[in-house]
Amino acid sequence: MPSRSAGGCDFASAADTTDPSSVLWTANALPSVIALTDLPAELASPNLILQSVPTDADIAADGNEHVIDVRGERLRLHFDGAVPTSPAVVLPLDRLLAVRLAALFRLSRSLAG
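Residues numbered from 1 in each chain as written. Predicted model: local features only at pLDDT ≥ 70, side-chain atom pairs only at ≥ 80, totals over all residues. Heavy atoms only, no water.

(A) How the structure looks around the overall build of the protein chain. A tally of helices and strands in the protein chain yields one helix and five strands. Of the roughly 7,000 Å² of accessible surface on the protein chain, a fraction of 55% belongs to carbon and sulfur atoms. (Helix = DSSP H or I, 4+ residues; strand = E, 2+ residues; numbered from the N terminus. Areas by Shrake-Rupley, 256 points an atom, 1.4 Å probe, with all protein chains shown as cover.)

(B) Here's a closer look at the pattern of salt bridges. If you walk through the whole model with that rule in mind, you get two salt bridges. Of the charged contacts, one joins R100 and D94 as a salt bridge, the two residues approaching to 2.6 Å between their closest N and O atoms. For R100, a relative accessible area of 14% corresponds to the buried category. With a relative accessible area of 32%, D94 lands in the partly exposed category. (Salt bridge = Lys/Arg side-chain N within 4 Å of Asp/Glu carboxyl O. Buried < 20%, exposed > 50% of the residue type's maximum accessible area, 1.4 Å probe, protein only.)

(C) Here's a closer look at the environment of V83. As for its position among the elements, V83 is in the loop between β4 (73–79) and β5 (87–90). When the C-alpha atoms of V83 and V53 are compared, they prove to be 8.1 Å apart, with 30 residues separating the residues in sequence.

(D) Examining the pairing of strand β1 (residues 34–38) more closely. When β1 meets β4, the two strands line up parallel, connected through three bridges. Its bridge partner lying in β4, I34 is registered against L77. The sheet contact formed by β1 and β5 spans four bridges and is antiparallel. Within β5, the residue paired with T37 across the bridge is A88. (Pairing = 2+ DSSP bridges.)

(E) Region of interest: the side chain of R100. With respect to the secondary-structure elements, R100 resides in helix α1 (residues 97–112). In this structure R100 touches P31, L91, P92 and D94, once residues within four positions along its chain are discounted. (Contact = heavy atoms within 4.5 Å.)

(F) Fine view of the sheet that holds β4. In space, the five strands of this open sheet follow the order β2-β3-β4-β1-β5, with mixed pairing throughout. Only two strands of the sheet have a single neighbouring strand rather than two, namely β2 (58–62) and β5. For this sheet, the mean angle separating the axes of adjacent strands, direction not counted, is 35 degrees. Lying on the sheet, α1 is in contact with β1, β3 (65–70), β4 and β5; it crosses β4 at an angle near 110 degrees. (Axes fitted to C-alpha atoms, helices over the stretch in contact; angles between N-to-C directions.)

(G) A look at the side chain of E65. Turning to its location among the elements, E65 is positioned in strand β3. Despite its burial, E65 remains without a salt bridge, the nearest opposite charge being carried by R76 at 8.6 Å. Within polar-contact distance, the side chain of E65 engages the side chain of H78 at 2.7 Å. (Lys, Arg positive; Asp, Glu negative; His and termini not counted. Polar contact = N/O pair within 3.5 Å; in protein donor to acceptor, adjacent residues only side chain to side chain.)

(H) The arrangement of the pairing of β3 in detail. When you tally the buried positions in β3, you get five out of six residues, the bulk of the element. If you look at the hairpin formed by β2 and β3, you'll find two residues sitting between the two strands, and G63 has a positive phi there, around 65 degrees. Relative to β4, β3 runs antiparallel, the two being bridged by six bridges. Residue pairing for β4: H66 is matched across the bridge by L77. In this structure, the hairpin formed by β3 and β4 is closed by a connection of two residues, where R71 is found at a positive phi of approximately 50 degrees.

Okay, structure coming up:
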């Protein structure tokens, strides 16, 4: 994998992850990655929506994997398809939930200003 300083990205697709030493991180292996998808319309409340996810703040991106910087917070995001207009978070109910929630709270505070 090329380094970011050499113009490359440190992301890998699922096809590239058969050898764990071949990548620096993947969305399924790093619990601080925030998985975002579109919020179903029937659950949306327009008066409660935070600022949209600023994809212009990308430090690096490769497909659905993004690293963004918002107000000094560096956050790793995984988009389930296109960048959602009304984002919702996918949180696995696993033993790493506290780590995932901490990353989500960092994103929330960054977007709220």
